[in-house]
Amino acid sequence: MSDNDSSDCDERPVRCISGQATKRLCHKKQKFREDWTRMECFKKWLNPVKEDVMKAYCSFCKIQMISELSTIKKHANTSRHKLNFKSMTGSKSIISTFPKIDETAIRKNNAVKVAEIKLCGFLSEHNISFLAVDHLSQLLKECFSLVEVFKNSESANEGATAQKLYTEVIKSFKDEKVCLKNVIGFASDGCNTMMGAWNSVASRFLEDFPGVMIQKCICHSLALCASEACKVLPRRCEDLARDVYNFFKSSCKRYAQLKEFQDFCTVEPHHLLRPCQTRWLSLEMVVCRILEQWQPLKMYFTLHRFDERVTSGEHIYN
C-alpha cells in the first residue's frame, strides 16, 4: 500500500470465524461535505476547515474534529456543545437591539421639517401680514399634498348632498389608508349642507364619531356678521364702490388719465378694487382703496365729468 493510500485509510483488525487468522480491513476517511452545512441540526455551527478537507470545525465550541458524520453527531450530543449551543442561540445580536429604521416615516418627517422651514420663512418675509393669505395658500399647496374628494365627473354629477359628501370624505380616508380612529375634528364653512343640525356632514360625523370636535369657519361667520351689520348702512355707499370700479375697469385711457392725478397728488398708483360677494370681507379693502385714492378720484371726476359726457361719471360725481 502506498503512502497516499495509507493516509486516507485506517487499518483495523478483524477477527474471522472458526479460528481463522485475523486480517486488517481498510477504513477510508471521509472528506467534509458542504451538504452538512445546510442540514437543520448542523447549519448553525458546523463549518469546513480550509486547510484540511478531512476536518470539520465547530464555531460554538471552537474546536476541530474528524469530518465523519458519526463523529460530528457524537460531538453534537456532548454536554459542552449543548451548553454552548444554548448560550449562543439564545443571545441576541447587537444589531437586533437597535430599532428598525422606517424609511417611510423618515421621509414624512423630512417633508414636515421642510414645510415648517418654508412656512417660517414665509411668515418672516411677509411680516405676518393678514394680506399675505393669498400667497400662503399657494405655498401650502407646494408643501402638502391635497386629497381630491371628487376624482371624476361622474361622482360629482351625482350631486353635493350631505350624504354624498360624507361618503366621499370617508372613502378618501380609506383610499389613503388613514385610520378612522384618528378623526378628532371636522371644520367647514357654515352652509346648511355642511353644518346643519340634523341632515348635514357635521351631523353624520357626530353620529359615527362621538365626541368629534365640530368647528365652523371663523372667516365665514365673521363675513356673515359683517354683511348683516352693513344692511343698516345706506346702500349708496356700496353702490359707489361698485360704480367707481366699473367706470375704470375696461378703459386703459381712463386709468392713464387717473395716473396723472395720482402723480400730481403724490399718491401710490394703485388700481381700484372690485367688491366681490364670494370674497369675504372684501368690501373693507375696496373702501380703504377708494379712501386712499380719494383726492385723485375727486380731481379726475371734477375735470372729466363734462368732457366725456358719460352718465355713470356724472352719477359718481354727484
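Residues numbered from 1 in each chain as written. Predicted model: local features only at pLDDT ≥ 70, side-chain atom pairs only at ≥ 80, totals over all residues. Heavy atoms only, no water.

### A few points about the environment of Gly196
Spelled out, the test is: The numbering of helices and of strands both runs from the N terminus, where a helix is a DSSP run of H or I of at least 4 residues and a strand a run of E of at least 2.
Its place among the elements puts Gly196 in the loop between helix 9 (192-195) and helix 10 (201-208). Considered as a pair, Gly196 and Ala162 are 34 residues apart in the sequence and their alpha carbons are 9.3 Å apart.

### Let's talk about the confidence of the model for the chain
So the rule is basically this: Each residue carries a pLDDT value, the predictor's own confidence for that position, ranging from 0 to 100.
Confidence in the prediction for the chain averages 78 pLDDT; 77% of positions are at 70 or higher. Mean pLDDT across the elements of the chain ranges from a minimum in helix 1 (residues 3-8), with 45, to a maximum in helix 10, with 91.

### Some words on the sheet that holds strand 5 (residues 63-66)
How we decide: What makes two strands pair is DSSP finding at least two bridges between them. Lines fitted to the C-alpha atoms define the axes, with helices restricted to the stretch that makes contact. Angles between their N-to-C directions range from 0 to 180 degrees. Any pair of residues with heavy atoms lying within 4.5 Å of one another is described as a contacting pair.
In spatial order, the strands read 3-4-5; together these 3 strands make up an open sheet with antiparallel pairing. Looking at the sheet topology across the chains shown, the edges are occupied by strand 3 (46-49) and strand 5. Strand-to-strand twist across the sheet, computed as the mean angle between neighbouring axes with direction ignored, equals 40°. Where strand 3 lies against strand 4 (residues 52-58), 4 bridges are found, and the strand directions are antiparallel. When the bridges of strand 4 are listed, Asn47 appears paired with Tyr57. Lying on the sheet, helix 2 (residues 69-76) is in contact with strand 3, strand 4 and strand 5; it crosses strand 5 at an angle near 140°.

### Overview of the packing of helix 12 (residues 235-248) against helix 15 (residues 294-304)
For any two helices packed against each other, the geometry is given by the interaxial angle and the distance between the axes. Note the following rule: Angular relationships are summarised with four words: roughly parallel below 35 degrees, roughly antiparallel beyond 145, roughly perpendicular across 65 to 115, and oblique for the angles in between. Handedness of a crossing follows from how the near helix is turned relative to the far one, being left-handed for an anticlockwise turn of less than a right angle and right-handed for a clockwise one. For this classification, Asp, Glu, Lys and Arg are treated as charged, while Ala, Val, Leu, Ile, Met, Phe, Trp, Tyr, Cys and Pro are nonpolar and the rest, including Gly, are polar.
Running from N to C, helix 12 and helix 15 cross one another at 65°; their axes reach a closest spacing of 13 Å. Classed by the angle they form, the pair helix 12 and helix 15 counts as roughly perpendicular. Seen from above, helix 12 lies across helix 15 with left-handed handedness. Residues Val244, Phe247 and Phe248 of helix 12 form the contact with helix 15, whose participating residues are Leu297, Tyr300 and Phe301. When grouped by side-chain class, the residues that make up the contact of helix 12 with helix 15 number 6 nonpolar, no polar and no charged.

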